[in-house]
Amino acid sequence: MLPAFAELGHGFAVALAPHNLFWCFLGVLIGQFVGVLPGMGAMAAISLLLPLTFALKPVAAILMLAGVFYGSQYGGAICSILLNLPCHAPHAVTCLDGYPLTRQGKGGTALAIAVIASFAGASVGITEMLFFAPALTRVAFEFGPAEICSIMLLGLLAGSTLARGSPVKGIAMTTVGLMLGTVGTDVNTGAARFTYGILDLYGGIEIVTLALGLFGLAEFIRNVNRLAAVRADHINVRLRDMRPSREDLRRALPAMVRGTLIGCLCSLIPGTGPTIASFVSYAAEKKVSRTPQRFGHGAIEGVACPEAATHSSCQGDFIPTMCLGIPGDAVMALLLGALMIQGITPGPHLIREQPDIFWGLIASFWIGNILLLMLNVPMIGLWVKLLKVPYRLLYPAALFFVCIGVFSAQNSYFDVGETIVVGVVGYILHRLGFHPAPILLGFILGPRVEENFRRAMLISGGDIGYFLQQPISAVVLCLCLVLILAQVGFWLIRLRRRRAAAAP
Amino acid sequence: MPNRTKFKRDFIAGGLMLLFGLVAVLEGHRLGVGTLSDMGPGFVPMALGVILCGTGLVIALAGQADPEDGAAEPDAPDWRGAICILAGAVLFIVLGRHLGLAAAIFGSVFTAAIGDRTTRPGTALLLAAGLTLFGCLLFGTILRIPIPLYGLR
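A brief structural summary.

### A short note on the overall build of chain A
1) Next: When helices and strands are counted, chain A shows 22 helices and two strands.
2) Next: Taking 23 Å as the expected radius of gyration for a compact globule of 504 residues, we find that chain A reaches 22 Å, a close match to that expectation.
3) Next: When the accessible surface of chain A is totalled, it reaches about 19,400 Å², and 67% of it is carbon and sulfur.
4) Next: Charged side chains in chain A number 34 positive and 25 negative. The centres of these two groups are separated by 14 Å.

Printed below as a string of structure tokens:
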């Protein structure tokens with residue numbers, strides 16, 4: 001394991017270079033800022049900054065975007081604990097106990113525990129990446145097109161069925177995303193697909209327009225006049241309110257350890273991102289607790305364990321993204337898209353060919369988390385004030401950034417129009433009970449699934465059974481089958497239980 | 001009592017997916033599917049279209065069998081907000097093309113801002129003016145994006 005530390009040293013040298021350090025700092029600062037603002041999410045922030053990164057070097061670009069991602073997780077905790085507003089899905093669980101604590105006047109303590117748990121979880125998640133990533137890379141070098149194709153299928157299935165909402169609808173959204181990925185000129189044959197004679201579509205759909213339409217415009221339409229004005233007058237957290245008592249720490253520490261472990265495990269299973277980790281860890285914590293009745297009424301463990309789980313799995317999520325080039329959720333897909341725009345294809349070669357990016361990223365996680373610790377603890381009063389910015393002033397400004405961001409990606413008004421269409425469709429899909437995140441996952445992976453499927457078919461001479469003849473691929477396909485069967489089974493059980501409940 | 005709105009919603013949702021799937025199948029057919037050993041450009045669209053048609057049917061039928069899956073009903077659309085936001089984005093394109101950056105920012109921000117029912121016109125005006133100044137300085141003067149600051153075209 002010693003070589004890994006030598007390379008980590010190199011990573012720190014990269015991440016501490018003034019230029020990179022500046023972008024990393026800017027990333028976590030923007031992430032924290034956006035995370036705190038009610039009604040804004042990490043997805044919108046990352047897609048907004050995407051056009052800006054076109055002008056940066058790849059290392060700086062990825063350090064910044066990753067910083068936005070985990071920075072927004074820290075900021076989101078403030079919003080959910082103090083206002084009961086979970087801006088990001090993983091924090092929905094933190095609200096359950098965080099908000100009651102605020103109402104008991106212990107909001108400061110809850111925030112402190114959340115920050116400590118986040119930092120601890122993230123540190124372990126980074127360490128996990130440090131050890132697992134090189135090992136996974138060595139295995140991944142053996143993968144041919146059949147294996148890659150099967151693993152991508154597993155990733156897509158897990159990403160679409162394990163997320164929120166109905167699994168079938170998730171699969172439908174992933175398929176729509178895959179379809180959107182085929183729009184434009186086919187690289188293999190030169191045929192124009194789904195273009196309908198519109199010249200601007202020959203180059204395909206831009207990732208920026210898709211992301212900002214789905215997570216910018218559609219979100220504004222959903223939230224406008226819906227997000228109640230925040231009554232934050234009673235909230236006043238100062239630094240000295242944050243010191244947790246010994247009793248709080250005694251309760252929170254074991255919860256943090258359990259949460260971190262669950263988060264680390266979840267990050268290793270493709271498709272189970274921070275959201276699942278936080279839900280699972282909360283349920284588990286409630287199970288092992290000797291006083292489960294306290295949960296939901298301000299149990300400090302209920303803040304510590306989901307926060308630790310969220311952050312450890314956030315960092316761990318980078319493992320499959322960077323080593324296999326297969327993102328676990330939509331945020332990772334977006335970061336992957338940012339790398340591909342820079343001309344870098346993540347995959348097993350990344351560590352060897354682009355050591356600056358890989359090790360620099362890991363080192364920057366630590367630096368970024370320490371920066372966030374410094375941003376959060378002494379400056380808590382400032383962030384709490386930020387909570388009072390009303391959404392009605394926020395979204396027109398955000399709309400302007402969306403328009404100008406999309407335009408500047410390619411200097412094209414057509415892309416702005418495309419974003420409007422995507423936004424409207426995204427809103428309609430949401431109304432019909434679909435969650436848009438898997439669209440992005442499918443969109444990013446689509447072209448690579450097709451390419452690898454094509455290669456596998458070329459090698460095998462058109463024999464579809466080839467996927468089952470390769471041992472690794474066969475195992476992965478079996479996992480896919482298990483996943484589908486489990487979902488169908490759960491659905492049938494739920495259906496029967498509900499029928500039974502409705503009958504008498 | 002079965003939940004009628006949920007039932008109807010899943011029916012429409014499934015139908016929409018079926019429609020998307022059929023579009024893909026048609027496009028795949030037009031491009032030529034080919035065979036597994038010699039795939040045409042339409043192979044993947046065709047395959048995805050078939051999958052999408054299948055999921056569409058499942059969504060519509062499952063919604064019938066399981067009318068309450070516990071999912072919360074989304075809020076009804078807020079027409080004023082939605083129209084103002086979309087109009088703001090459209091205005092950005094129109095004004096940006098013909099009147100320049102300043103008008104585009106001002107028009108889009110002001111239009112979007114009055115979509116909120118509690119925002120007074122004066123507040124919207126101030127917000128739009130402030131963002132116009134900021135946007136012109138940052139994007140027009142410093143970053144130099146290729147939209148002229150002002151000027152009729």
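Read on for the rest.
### Description of the pattern of salt bridges
Residue and element names in this part refer to chain A.
1) Next: Summed over the entire model, instances satisfying the criterion amount to 15 salt bridges over all chains.
2) Next: Put simply, R250 and E247 hold a salt bridge, and the shortest N to O gap is 3.2 Å. Here R250 pairs with E247, and both are found in helix 10 (residues 246-268), just three residues apart, close to one helical turn.
3) Next: According to the relative accessible area criterion, R250 is exposed, its value standing at 54%.

### What to know about helix 4 (residues 101-113) of chain B
1) Next: Between the first and last C-alpha of helix 4 of chain B there are 18 Å, a value that for 13 residues agrees with the 18 Å anticipated at 1.5 Å per step.
2) Next: In this structure, the buried residues of helix 4 of chain B make contact with helix 18 (391-410) of chain A together with helix 3 (79-98) and helix 5 (121-142) of chain B.

### Description of the interface of chain A and chain B
1) Next: Each side of the interface is counted separately: chain A has 61 residues, and chain B has 67 residues.
2) Next: Carbon and sulfur atoms supply 75% of the area that chain A and chain B bury against each other, a total of about 5,600 Å² over both sides.
3) Next: On the chain A side of the contact with chain B, N225(A), F400(A) and Y413(A) bury the most area, a combined 13% of that side's loss.
4) Next: Counting every contact that joins chain A to chain B gives one salt bridge.
5) Next: A salt bridge links D10(B) to K169(A); its shortest N-O distance comes to 2.6 Å.
6) Next: Linking chain A to chain B there are eleven residue pairs in polar contact (both at pLDDT 80 or more).
7) Next: Taken together, the elements giving at least two residues each to the side of chain A that touches chain B come down to helix 8 (167-182), strand 2 (192-193), helix 9 (207-223), helix 18, helix 19 (413-431), helix 20 (437-460) and helix 22 (471-502) of chain A.
8) Next: Here the element with the most residues in the side of chain A that touches chain B is helix 18 of chain A; it accounts for twelve residues.
9) Next: Class assignment for the residues of the side of chain A that touches chain B results in 39 nonpolar, twelve polar and ten charged.

### Some points on the packing of aromatic side chains
Each aromatic ring pair is characterised by the separation of its centres together with the angle its planes make.
Residue and element names in this part refer to chain A.
1) Next: This model, assessed by the stated rule, comprises 15 aromatic pairs over all chains.
2) Next: Consider the rings of Y70 and F365, whose centres lie 5.6 Å apart with planes at 85 degrees: the pair is edge-to-face. Highlighted residues: Y70 in helix 4 (residues 58-83) and F365 in helix 16 (residues 355-376), separated in sequence by 295 residues.
3) Next: Both rings, one in Y282 and one in F295, keep their centres 5.6 Å apart while their planes meet at 80 degrees; by these two values the pair is edge-to-face.

Rules used throughout
- Residues numbered from 1 in each chain as written.
- Chains lettered and ligands numbered in written order.
- Predicted model: local features only at pLDDT ≥ 70, side-chain atom pairs only at ≥ 80, totals over all residues.
- Heavy atoms only, no water.
- Helix = DSSP H or I, 4+ residues; strand = E, 2+ residues; numbered from the N terminus.
- Rg over C-alpha atoms; globule rule 2.2 N^0.38 Å.
- Areas by Shrake-Rupley, 256 points an atom, 1.4 Å probe, with all protein chains shown as cover.
- Lys, Arg positive; Asp, Glu negative; His and termini not counted.
- Charge placed at Lys NZ, Arg CZ, Asp CG, Glu CD.
- Salt bridge = Lys/Arg side-chain N within 4 Å of Asp/Glu carboxyl O.
- Buried < 20%, exposed > 50% of the residue type's maximum accessible area, 1.4 Å probe, protein only.
- Expected span 1.5 Å × (residues − 1).
- Contact = heavy atoms within 4.5 Å.
- Buried area = accessible area lost by both parts, 1.4 Å probe.
- Polar contact = N/O pair within 3.5 Å; in protein donor to acceptor, adjacent residues only side chain to side chain.
- Nonpolar A, V, L, I, M, F, W, Y, C, P; charged D, E, K, R; others polar.
- Phe/Tyr/Trp six-rings, centres within 6.5 Å; stacked < 30°, edge-to-face > 60°.

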